[in-house]
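Each chain, letter by letter, is given below.
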Amino acid sequence: MAKSISQETQNEAMKVAKATQKPSQTKEQTKLIALGIEKGIAEYKKQQKAKARGRDKLRKQSLKLKSQQENTEQEENTIAHPSNAKLPWILLVASWVGFLSYALLNGQ
């Protein structure tokens, strides 16, 4: 399947071909030159699209890496908190032991 070249590209190629046309050059030769220019423009556009896709892939990979690093940092922070979660329970138990020992010693 051959891709059709846009009318704009064809017009642009014909303008360039006519601008560089020599006095002894026939219309058929000018059309052939215009076809070559069209192919060159099409190839250039393909290359630019490929470069844009490559840049987009790199950008997405860098965003993915940043996201993974942030997730790793968040996981490290949440892992550090459970060890501190034992502290309130220890303090609660210690306060009840202290309260019971005070109550038993003053009760006698």
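See the structure shown above.
The sections below set out a description of the structure shown in this document.

The rules we used
Residues numbered from 1 in each chain as written. Predicted model: local features only at pLDDT ≥ 70, side-chain atom pairs only at ≥ 80, totals over all residues. Heavy atoms only, no water. Helix = DSSP H or I, 4+ residues; strand = E, 2+ residues; numbered from the N terminus. Expected span 1.5 Å × (residues − 1). Buried < 20%, exposed > 50% of the residue type's maximum accessible area, 1.4 Å probe, protein only. Arc of directions from axis to C-beta. Salt bridge = Lys/Arg side-chain N within 4 Å of Asp/Glu carboxyl O.

Description of helix α1 (residues 7-19)
And then number 1: Here α1 is 13 residues long and its end C-alpha atoms lie 18 Å apart, about the 18 Å a rise of 1.5 Å per residue gives.
And then number 2: Inspection of α1 places T9, A13 and A17 among the buried residues, and these make up the whole buried set. The buried residues of α1 occupy one face: seen down the axis, they fall within an arc of 70°. Turned more than 90 degrees off the buried face of α1, the exposed positions are Q7, E8, K15, K18 and A19.

Some thoughts on the pattern of salt bridges
And then number 1: Taken as a whole, this structure holds two salt bridges when the rule is applied.
And then number 2: The salt bridge involving D56 is made with R59; its shortest N-O contact spans 2.7 Å. Residue D56 and its partner R59 are located together in helix α2 (residues 27-107), separated by three residues, close to a single helical turn.
And then number 3: Among the residues examined, R59 registers a relative accessible area of 45% and is labelled partly exposed.
And then number 4: The salt bridge partner of K60 is D56, with a shortest N-O separation of 3.6 Å. With a gap of four residues between them, K60 and D56 both fall in helix α2, about one helical turn apart.
And then number 5: For D56, a relative accessible area of 28% gives the class partly exposed.

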